[in-house]
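Chains, contacts and geometry: an overview
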Amino acid sequence: MKKKILVISGGFSKEREISIQTGIQVARELKKNGYIVKVCEPDNEIYKIVEKFKPNKIFNALHGQFGEDGYFQTILENIGIPYTHSGVEASAKAMDKEVSKKLFIKNKILTPKYIKFDFDRSYSKLQNQIENSFGFPVVIKPIAEGSSVDVFICNKLNFKKKIKLLENYKKILIEEFIPGREIQAAILGKKKLGAIELKPKRKFYDYQAKYDSKAKTEHIIPVNISKKDLNILMNISLRAHNLLGCRGVTRSDFKFFNNKFYLLEINTQPGMTKLSLVPEICAHKGISFIKLIELLLNDASTNK
């Protein structure tokens, strides 16, 4: 009997369009390989859809807030059908950049220094605090967004102008800027999948550099680093994956500078679009797109 897979994509985050593309790609590949597939939004209709469709498993293709931060995983646990990727706690920890950074620091994983800024405070002492902590330029980012949404690199001159763009978030991270190479590594279960280097034509690997083919970001695989450095990179990625209690696939984002790897963040539901990195890393390792999807489905469970 053919397996029924419910693919959930779209959602309410700023990454909605990317999630829709991930859902389309996954559903298309599953249908091509004989699965019975239904795609739906994570809205109030989901319980009715599950009851009527009766899926064997759920593929969570959501990205960003409400889909990747433990919120929707709580609903999936309530539904009680095995679902892909990480569970409630791991998703919440990974999505909260401050929580995950504290875990990295506690476990001696190198990550950029940071200040949490609350917009209820005044700007007056902030600049001095930054200069005393790590200096300019800095990276400013929301605490719980993905895909480099609303991330800016700021110098002393444009800092105040840029930070005001994030006032809706109430709290943000101000992070020391680490120059160097953009390298990302993927873990699947307990397996070290591999790494890829990005050379963006833009200022950094921002939202447009990630998802717009016109941005012409160069993808380099295999990464031109020593075998020893690659081993260090993959070990850090696996440690971070395990520290947070992640399941399925994760992608860890690094800067490589002065022969050191700085872990920026870990993504618990990496994209599956035509420009996505995890399928590209898998393809280089001889793992087809359908095989990657099936490995994630095989790992699907509840109570995680």
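Figured I'd write up the structure that's included with this text. Throughout this document, residue positions are counted from 1 along each chain, in the order its sequence is written. Residues qualify for local features only when their pLDDT is at least 70, as the model is predicted, and side-chain atom pairs are given and counted only at 80 or more; totals for whole chains, interfaces and linings, by contrast, use all residues. Side-chain metrics rest on all non-hydrogen atoms present in the structure, leaving aside hydrogens and water.

**Some points on the overall build of the chain**
- Helical segments are the DSSP runs of H or I of at least four residues, strand segments are the runs of E of at least two, and each set is numbered from the N terminus. For the chain, the helix and strand inventory stands at eleven helices and twelve strands.
- Here the globule rule reads 2.2 Å times residues to the power 0.38, and the radius of gyration is calculated from C-alpha atoms. For a compact globule of 304 residues, the expected C-alpha radius of gyration is about 19 Å, and the chain comes in at 19 Å, within 12% of that figure.
- Its C-alpha atoms give the chain principal-axis dimensions of roughly 65 × 45 × 40 Å.
- Partly exposed describes any residue whose relative accessible area lies between the buried limit of under 20% and the exposed limit of over 50%, with all areas from a 1.4 Å probe on protein chains only and scaled to the type maximum. Out of the 304 residues belonging to the chain, those deemed buried represent 53%.
- In this description, contact between two residues means that some pair of their heavy atoms is separated by no more than 4.5 Å. Expressed as a percentage of contacts within the chain between residues at least 6 apart in sequence, the contacts between residues at least 24 apart total 68%.
- Carbon and sulfur atoms provide 51% of the accessible area of the chain, an area that totals close to 14,500 Å².
- Neither His nor the chain ends contribute to the count of charged residues, in which Lys and Arg are positive and Asp and Glu negative. Throughout, a charge is located at the NZ atom of Lys, the CZ atom of Arg, the CG atom of Asp or the CD atom of Glu. Taken together, the 53 basic and 32 acidic charged side chains of the chain have centroids lying 4 Å from each other. Values of accessible area rely on a 1.4 Å probe in the Shrake-Rupley scheme; residue burial ignores everything except the protein chains shown.

**Thoughts on the pattern of salt bridges**
- By definition here, a salt bridge exists when the distance from a side-chain nitrogen of Lys or Arg to a carboxyl oxygen of Asp or Glu is within 4 Å. Under the defined criterion, the tally for this structure stands at 13 salt bridges.
- Between K156 and E131 there is a salt bridge, with the nearest N and O atoms lying 2.5 Å from each other. Placement of the pair is K156 in the loop between β6 (152–154) and α7 (159–163) and E131 in helix α6 (residues 126–133), with a sequence separation of 25 residues.
- Take K156: its relative accessible area is 45%, and that puts it in the partly exposed class.
- We classify E131 as partly exposed; its relative accessible area is 33%.
- Through salt bridges with shared partners, a single network forms among E98, K102 and K116.

**A word on the side chain of Q184**
- Examined against the element boundaries, Q184 turns out to sit in strand β8 (residues 181–188).
- Overall, Q184 belongs to the buried group, its relative accessible area being 1%.
- We call two N or O atoms a polar contact when they sit within 3.5 Å, provided that within protein one can donate a hydrogen and the other can accept it, with sequence-adjacent residues counted only if both atoms are side-chain atoms. A distance of 2.5 Å separates polar atoms of two side chains, one belonging to Q184 and the other to R251.

**Quick look at the nonpolar core**
- Working definition of a nonpolar core: buried Ala, Val, Leu, Ile, Met, Phe, Trp, Tyr and Cys residues. They are joined through side-chain atoms within 4.5 Å. Counting residues in hydrophobic clusters, the biggest one holds 26 residues, and the most contacted among them are V7, L30, F59, L193 and L292.
- At five residues, the largest contribution of residues to this core is made by helix α11 (residues 289–298).
- Apart from the residues within four sequence positions on either side, L30 is in contact with I5, V7, Y35, V37, I290, I293 and L297.
- By size, the runner-up hydrophobic cluster in this structure holds 23 residues, among which are F104, I225, L263 and I266.

**Points about the sheet that holds strand β7 (residues 171–176)**
- Each pair of strands is called paired provided DSSP finds at least two bridges between the two strands. The strand order across the open sheet formed by four strands is β4-β7-β5-β6, and the pairing between neighbours is antiparallel. Where the open sheet ends on each side, the last strands, each with one partner, are β4 (114–118) and β6. Going across the sheet, the axis of each strand differs from the next one's by a mean of 30 degrees, ignoring polarity.
- Pairing analysis gives three bridges linking strand β5 (residues 138–142) to β6, with the strands arranged antiparallel. If you follow V138 over to β6, its bridge partner there is C154.
- Helix-sheet contacts for α6 involve β4, β5 and β7, and the interaxial angle to β4 is about 170 degrees. Inter-axis angles, ranging from 0 to 180 degrees, are taken between N-to-C directions of lines fitted to C-alpha atoms, where helices are fitted over the stretch in contact.

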